[in-house]
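Below, each chain spelled out in residue letters.
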Amino acid sequence: RCDETDFKIINGMIIQDQNKLVLRVFQCKKQQTAFKSAYRTNRMNFNAESYKLQEALSTEKYGQLEQFEASVRLRKLIPTRNAMKKRCAADIKQLQSEFKRISYDYSLARKIADGTSCAKKPTALSFLQTCIRMMEDGRKEAFVEFGEGTSEREMVSLLQTDAGRAAVSRGLIEAVGHEHLGAAPPVALYQMSDRRQQEAARWLAAETGDDDDDAMSDEEDELAHRETDFSDYFYEDNDFEGDSGVVDEPYEPTAEEVENSETIDAAVKQIQDENTATDRDTSDEDAPPNGWISEKELAHAAKELSLLNAPNLTNVSLPFQNPQNSKSKQSAKFFCTVANNPNCNRFRDKLEMIVAELLAEKQHVEFLLSTTRSECKKQIGELDTQISTMNAKKNDGSRIEAQGSADKSNSQGSISAIEKEGRDLLRQAWKQSNDCDSELKTLRNTVCGSKKLKQEVITIESKQRGGPRLEINDCSVSTWQPGECMNTNVAQILEKQGIYDASKAQQAGAQYKNLLHDCGPGGGVQWFLRSKISPDQTKDYGADCPPLRLKTVCNDFECPIDCKLGDWEGWSACSKTCDGGLKRRVRAVQVYPEWDGDECDATKDEETCNALACDRPCLLHDWTSWRQCTRACEGGMKWRSRRIKRAASGDGRCPRTFSKARYERQTCNIGSCPMDVMCVAKMDLVVAIDASGSMGTSGWKAQRTALLNLVNRMHLSRSAGVLLGALKFAHKVTILQQLTDDKKKLIAAITAT
């Protein structure tokens, strides 16, 4: 027979086996959690390294792209720069040579003009000889040159430029007069250069208003392209913004002005009464000392004139050259005479005109040389800057690529090691899981065997007793219910109070900061709870309950780390200056994401830039206000303009300065001028009068008389801003009177000159 003691032994075996089973279940769970945590760490490391690898690949590609863009640009810039430098060197060399030659020609012309004296002239001037030559096509050509043996002829033979020779030839022909040549002068002397033709065409278009903004010459187009400093012909002048006109009100002259008017009338009469005997010889008063042709040369020229005594060229008949003659090119006939030499004063003026023409040509070549140097320096400098920028971009790209390659190699090595570690963890976890399953199966079988043994004992005892089978119930429990993971310190306090569930602690009104533990090293405390269920345990014979609560470590893993990015760096330079390029900016990853933290947003950003076309026309400002009318009466002009706001680029065009798109003008003040007016407008006026010998006595008197009348009609006042000055010009400029409001000084200076 079985007694109570036997059942206690069996129940003890059941409880012991159940405790082993529970313990092993939680041990396996803990091991499984540890493997999951380790594998999670492995995957986090893998993701982090994969992210770094992507960054390295992107950095490497970006460096390669930077190098490619820089190399492509350099392949265009370097040949362009070399070609431009070569072209500029050739242009500058050509202009330097031209400037040297035209400067030499100008010096020769200056010597010829300085050596011509009308103060020491003989009875007949014989410096010049007029020649006619027969051309191969039967035409006659007339030209004028200095006579044989003259120092001027020797100097003219030293002229180095076509422009210099042509200027001298034209000047001498004009001095003699076309009507005295006997034939037409060479056509080539009066053919304008391409540059002069373009200037004339622009002037004519501006005068007639017939302008085509789109039809631009190469020179104009080039000037439009070079106009990058946003300045042009037009300028702003606040003092020139008002309006002008005639003030229709009587003017009361002061006593001083009445006195000055009488003085002017007397001065005008004095000028008109001047005769030839009292006239000043103004033709040579400005000639330099010791610069005249020698008396010996003048005597020789006079003797030559008397000996030749050639007939008038209009009666000369020249032999016709046969075009079939093989020697015709070398045997064109010509005939020269010293007849029809010009008046000395006129001849002297023409020499000054020749000098002025060569001076203008010299200044023009000097301007072209200066402009070419400046433009070449500017353009080559711009190209050098671009080349330097592209080289720096290429070097930066190489550095970025090298850094990316190194990071890529490191990340690939780390990923390989992490992958191997992950495979090892999976194998260990699989083995541990199989071992746990086997052990748990054995323990469950043991518990089950103990319970079967107990039932067998009960059956045997019932048969021996011959009574009904005894029903014995062991303690039954529910399934495990996991609680929330709590902070370790808080869980210890709650455990002393008999509270094992965070929700019950909150229901009980407990206020604990950081009650729950979500993550972190060391983990938190988690209780697994279960309770008794029906039927009740049979007293004395039923097995006691297995553990109803179990404490374990929970959330023993690192907290998620979100990605943290730095600030955006500045935008890079645009990859293109026009036609749409890209500019880039980057930001560094300060903290990489780990443990399921938030992934990083974009670390690179691109935007389109310089989307405007390379061939871009210029941009103009709005119209200015209308400028002051140029005349107070009898019809003047007023105008307004549009300045350049942004220069053209590439093959883009820009309207010319005086085109309809940029320049408008209107007539103004068309009313008749009063007969008796006084100029009171604010101005600084300097009047220049021609004192050269070609003006003659009557012309010289007329100029001074007109200037005196102008003085009489001006209300001069320094406080009112009305000042007048005068000068005369011939071989040189002589100031008669500086700007002043003193009419007496002006009258004296004009009368005495």
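Our structure is the block above this text.
Source: prediction; values computed, not measured.

### Description of the nonpolar core
So, point 1. Leu128, Val144, Phe146, Leu172, Phe347, Leu351 and Leu358 are the most contacted members of the largest nonpolar core, which has 28 residues in total.
So, point 2. Ranked by residues supplied to this core, first place goes to helix α3 (residues 162–176) with 7 residues.
So, point 3. Membership of the second largest hydrophobic core comes to 21 residues, among which are Ala267, Ala726, Leu736 and Ile750.

### Some points on the state of the cysteines
So, point 1. Considering all chains together, one arrives at 9 disulfides under this definition.
So, point 2. A sulfur-sulfur separation of 2.1 Å characterises the disulfide bridge that pairs cysteine 88 with cysteine 376. Looking along the S-S bond of the cysteine 88-cysteine 376 disulfide, the torsion reads about -90°, which is the left-handed sense. Residue cysteine 88 is found in helix α1 (residues 4–114), and its partner cysteine 376 is found in helix α8 (residues 344–465); the two are separated by 288 residues along the sequence. Judged on exposure class, the residue cysteine 88 and its partner cysteine 376 are both buried.

### Quick look at the pattern of salt bridges
So, point 1. Taken as a whole and judged by the stated rule, the model has 21 salt bridges.
So, point 2. Notably, a salt bridge pairs glutamate 66 with arginine 584, separated by 3.1 Å at the nearest N-O pair. With glutamate 66 in helix α1 and arginine 584 in strand β10 (residues 581–586), this pair connects stretches of sequence that are 518 residues apart.
So, point 3. Looking at glutamate 66, the relative accessible area reads 9%, which means it is buried.

### A closer look at a negative patch on the surface
So, point 1. A cluster of acidic side chains, namely Glu256, Glu259, Glu262, Asp265 and Asp741, defines a negative patch on the protein surface.
So, point 2. Within the fold, glutamate 262 resides in helix α6 (residues 255–272).

### A few points about helix α12 (residues 743–752)
So, point 1. When we look at burial in α12, the residues that qualify are Lys743, Leu746, Ile747, Ala749, Ile750 and Thr751.
So, point 2. Where α12 begins, one side-chain oxygen reaches toward the backbone nitrogen of lysine 744, 3.0 Å away; that side chain belongs to aspartate 742.

### Topic: the pairing of strand β1 (residues 128–134)
So, point 1. The buried count for β1 comes to 6 of 7 residues, which makes it a mostly enclosed element.
So, point 2. Here 7 bridges tie β1 to strand β2 (residues 140–146), and the two strands are oriented antiparallel to one another. Across the sheet, residue leucine 128 finds its bridge partner in β2, namely phenylalanine 146.
So, point 3. Between β1 and β2, which pair antiparallel one after the other, the connecting turn spans 5 residues, and glycine 138 there sits at a positive phi close to 95°.

Rules used throughout
Residues numbered from 1 in each chain as written. Predicted model: local features only at pLDDT ≥ 70, side-chain atom pairs only at ≥ 80, totals over all residues. Heavy atoms only, no water. Core = buried A, V, L, I, M, F, W, Y, C linked by side-chain atoms within 4.5 Å. Buried < 20%, exposed > 50% of the residue type's maximum accessible area, 1.4 Å probe, protein only. Helix = DSSP H or I, 4+ residues; strand = E, 2+ residues; numbered from the N terminus. Disulfide = S-S within 2.5 Å. Salt bridge = Lys/Arg side-chain N within 4 Å of Asp/Glu carboxyl O. Patch = residues over 30% accessible without salt bridge, like charges linked within 9 Å, V, L, I, M, F, W, Y side chains within 5 Å. Areas by Shrake-Rupley, 256 points an atom, 1.4 Å probe, with all protein chains shown as cover. Lys, Arg positive; Asp, Glu negative; His and termini not counted. Charge placed at Lys NZ, Arg CZ, Asp CG, Glu CD. Polar contact = N/O pair within 3.5 Å; in protein donor to acceptor, adjacent residues only side chain to side chain. Pairing = 2+ DSSP bridges.

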